[in-house]
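Spelled out from the first residue to the last, the chains are:
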Amino acid sequence: MQIEQTALEGVLILTPRRFGDHRGFFSECWNCKVMADHGINYDFVQDNHSLSRQAGTIRGLHFQAPPHAQAKLVRCGRGALFDVAVDIRRGSPTYGQWVGVELSADNGRQLLIPAGFLHGFATRLPDTEVIYKCTDYYAPTADGAVRFDDPYIGVEWGIDPKQVVLSDKDAAAPWLRDFETPFIYGGAT
Ligand SMILES: Cc1cn([C@H]2C[C@H](O)[C@@H](COP(=O)(O)OP(=O)(O)O[C@H]3O[C@@H](C)C(=O)[C@@H](O)[C@H]3O)O2)c(=O)[nH]c1=O
């Protein structure tokens, strides 16, 4: 597994080794023991899979509040996406900053996003499938979202905002400044 640190501490790009042969390839996307040897410890309990029909679909920016906060390991099963993490831990030296990584079925990259970060993605190709592991179960009462085009955060999605496909929930999401973040830097999640 190739492990790369991004500009946000704890947000990592994990690229598994692919064993190719005449059939295609095999790769281990997550191995608790191997990752623990690198000091990376997460107990994933739920796997999610979404399909977005149109390129330019944005899902996000989402979080689950403590005590149901989720770390996520995100990868692409088909197509391609731009995956984004935003630090919303109050008191963090990188509060409000974001990183974005191109994940595709071809490049096999995965983005590891700790709790305390917003997560969202924009699909780059039609029929893009996103598969991700989470460290806590879905808890609708703890579900939260921030507008994808929040000017304070300023994610550069690489899409004309007028062309974006959004859920009704995401279209109605608040700006970051209009709610109190439930995460504290160094606090419990
Ligand atoms: C997230 C989630 C949704 N659902 C249901 C609720 C709803 O009826 C339907 C669609 O939910 P949403 O519109 O919230 O799905 P979506 O917009 O794809 O939400 C996801 O976006 C990405 C960016 C994330 O990081 C995820 O954690 C999650 O928030 O699926 C579950 O049953 N379990 C889950 O874990």
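Residues numbered from 1 in each chain as written. Predicted model: local features only at pLDDT ≥ 70, side-chain atom pairs only at ≥ 80, totals over all residues.

As annotated in an unreviewed UniProt entry, the protein chain carries the name dTDP-4-dehydrorhamnose 3,5-epimerase and comes from Profundibacter amoris. What UniProt records for the protein chain under Pathway (unreviewed entry) is the sentence "Carbohydrate biosynthesis; dTDP-L-rhamnose biosynthesis." (UniProt positions renumbered as here; feature names shortened; annotations may be inferred.)

## A look at the sheet that holds strand β5 (residues 46–52)
Consider a sheet: its strands pair through backbone hydrogen bonds, and that pairing is either parallel or antiparallel. As summarised here, the arrangement of the six strands in space is β1-β2-β11-β7-β13-β5, forming an open sheet in which the pairing is antiparallel. Either end of the sheet is taken by a strand with one partner, and the two such strands are β1 (2–5) and β5. This sheet shows a mean twist of 25° between the axes of neighbouring strands, independent of strand direction. Alignment of strand β7 (residues 72–78) against strand β11 (residues 110–113), held across four bridges, turns out to be antiparallel. Bridging from a neighbouring strand, Lys72 pairs with Ile113 of β11. (Pairing = 2+ DSSP bridges. Helix = DSSP H or I, 4+ residues; strand = E, 2+ residues; numbered from the N terminus. Axes fitted to C-alpha atoms, helices over the stretch in contact; angles between N-to-C directions.)

## Quick look at the sheet that holds strand β12 (residues 117–123)
An order of β10-β8-β12-β6-β14 is seen for the five strands of this open sheet, with the pairing classed as antiparallel. Two strands close off the open sheet at either side, each with one partner strand: β10 (98–104) and β14 (143–145). Recorded for the sheet is a direction-independent mean angle of 25° between the axes of neighbouring strands. Sheet topology note: the strand β8 (residues 80–87)/β10 ladder contains seven bridges and is antiparallel. Across the sheet, the residue bridging to Val84 is Gly100, located in β10.

## What to know about the nonpolar core
Membership of the largest hydrophobic core comes to 38 residues, with the highest contact counts inside it found for Ala85, Val86, Ile113 and Leu118. Among the secondary structure elements, those contributing two or more residues to this core are β2 (12–15), β6 (58–64), β7, β8, β10, β11, β12 and β13 (128–134). Looking at this core element by element, the count peaks at five residues for β8. Residues within four places of Ala85 in sequence aside, it is in contact with Leu8, Val11, Trp98, Val99, Leu111, Ile113, Phe117, Leu118 and His119. (Core = buried A, V, L, I, M, F, W, Y, C linked by C-beta atoms within 7 Å. Buried ≥ 20, exposed ≤ 12 C-beta atoms within 10 Å, placed from the backbone. Contact = placed C-beta atoms within 7 Å.)

## Some points on the site of the ligand
Neighbouring the ligand are the residues Asn48, Ser50, Arg59, Gly60, His62, Lys72, His119, Gly120, Phe121, Tyr138, Ser167 and Lys169. At the level of secondary structure, the elements contributing two or more residues to the shell around the ligand comprise β5, β6 and β12. Across the shell around the ligand, the residue classes break down as two nonpolar, seven polar and three charged. (Near = placed C-beta within 6 Å. Nonpolar A, V, L, I, M, F, W, Y, C, P; charged D, E, K, R; others polar.)

## As for the UniProt feature "active site" (unreviewed entry) in the protein chain
The positions that UniProt labels "active site" (unreviewed entry) are, in the present scheme, His62 and Tyr132. Taken along the chain, the residues just named run across 71 residues; in space they keep tight, none of their C-alpha pairs more than 13.6 Å apart. Position of His62 among the secondary structure elements: in strand β6. By the C-beta count within 10 Å, which is 19 here, His62 ends up partly exposed. Those residues in contact with His62 that sit more than four places away from it in its chain are Leu118, His119, Gly120 and Ala145. Checked against the element boundaries, Tyr132 lands in strand β13. The class of Tyr132 is buried, set by 22 C-beta atoms lying within 10 Å. Setting aside anything within four residues of it in sequence, one finds Tyr132 in contact with Asn48, Lys72, Leu73, Val74 and Arg75.

## Focus: the pairing of β13
Two faces make up the sheet, and in a regular strand the side chains alternate between them. Burial analysis of β13 places five of its seven residues in the buried class, the great majority of the element. Across seven bridges, the pairing between β5 and β13 is antiparallel. Of the residues in β13, the one forming a bridge with Leu51 is Glu129. With six bridges joining them, β7 and β13 adopt antiparallel strand pairing. Within β13, the residue paired with Cys76 across the bridge is Val130.

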